[in-house]
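# Summary of structural features
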Amino acid sequence: EYDVLVIGGGPAGAAASIYAARKGIRTGLLAERFGGQPLETLGIENLIGTPYIEGVQLGAQLENHVKQYDVDLMNTQRAINVEKKEQVEVTLENGAVLKTKALILATGAHWRDIGVPGEQEFKTKGVAYCPHCDGPLFAGKDVAVVGGGNSGIEAAIDLAGVVRHVTVLEFMDELKADKVLIEKVKSLQNVTILTSVATKEILGTDKVTGLDYEERESGEIKHLDLAGVFIQIGLVPNTEWLKDTAVELNARGEIVVDKNGQTNVDGIFAAGDVTDQTYKQIIISMGSGATAALSAFDYMIRN
Ligand code: FAD
């Protein structure tokens, strides 16, 4: 039985568990894969105060930092249900039930893949998902953005200021982004928009060199020479397992939180990419993890 149980071992969960443990309360951390998304990241250059760190190293440092405190670390364990009774009860895939006074959900998110040859192979070798993170790596080069929704068009506008040229590839026959974004992107000299096209394959040697796409009406296959491909077809919160619980999710499946990280359920807090916070970044997730832990502590001393 815990005072605070954290589910998720990424930047948000690590921060939450350290902040909770530093209050001297019984803290547990449950993670399917400790380290989270940083484990899939090559270089991180925007964790302020740390000019450069590799994702795998950050994952290891998060684990080391957590282990300096009295945190009951349960790695490679998956939560499948949560219920608010007298306390909060979390069911694991292996059947165990953990009880806690306060719960912090920090299960993160994952980028939706397009599922074409080359995508997995060239991840972190030219296939990228985060323009804020990896845009500057392609300064002066040609890139493509796959996806013409809001995130794709925002990415194209952002990248256009950094790279030489951006090609946007949209599967449908029109862009799905907001009108103001579409007007903005169309005004940019170094952005080309292709609609009714299907990305077929990402090509490369040791890193990305280009992409093949199909013009859907004619069936013709065309090629683009590129240094990078940004996939922007959606960031999916890891909340599938919460759909039938009392925790409120928004239309995108993100956990709805207030500015203190409190969900709609008393005693249940959330932090990081899994929440409806606007920007999904490491430093922001760490901050919201700290906030959720301090809120959980506040909740405990009042109940
Ligand atoms: P995550 O890192 O997603 O961690 C979620 C944790 O929850 C994991 O431990 C996972 O195993 C666990 N989990 C999920 N479901 C369950 C369950 N049911 N039971 C138990 N555990 C569960 N951000 C930057 O600031 N700079 C960058 O340069 C940068 N580059 C990126 C590059 C890539 C390729 C990707 C994918 C992301 C990048 N990001 C970057 C974004 C950044 O990684 C995320 O914003 C951040 O990791 C979110 O932290 P989090 O703790 O909320 O979630």
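A quick note: this is a predicted structure, and the numbers were derived from the prediction, not measured.

## Topic: the pairing of strand β1 (residues 2-7)
Most of β1 sits out of view: six of its six residues are buried. The pairing of β1 with strand β8 (residues 97-105) spans five bridges and is classified as parallel. Among the inter-strand pairings, Leu5 is bridged to a residue of β8, identified as Leu103. Pairing analysis gives four bridges linking β1 to strand β2 (residues 27-31), with the strands arranged parallel. Bridge assignment links Val4 to a residue of β2, and that residue is Thr27.

## Considering helix α5 (residues 179-186)
One turn of an α-helix holds 3.6 residues; hence residues three or four places apart share an orientation. Along α5, the positions that sit buried rather than exposed are Leu181, Ile182 and Val185. Along α5, the residues classed as buried sweep out an arc of 100 degrees about the axis, all on the same side. Among the exposed residues of α5, those oriented more than 90 degrees off its buried face are Lys179 and Val180. The inward-facing, buried residues of α5 contact α4 (150-160) and β13 (191-194).

Conventions adopted
- Residues numbered from 1 in each chain as written.
- Predicted model: local features only at pLDDT ≥ 70, side-chain atom pairs only at ≥ 80, totals over all residues.
- Heavy atoms only, no water.
- Buried < 20%, exposed > 50% of the residue type's maximum accessible area, 1.4 Å probe, protein only.
- Helix = DSSP H or I, 4+ residues; strand = E, 2+ residues; numbered from the N terminus.
- Pairing = 2+ DSSP bridges.
- Arc of directions from axis to C-beta.
- Contact = heavy atoms within 4.5 Å.

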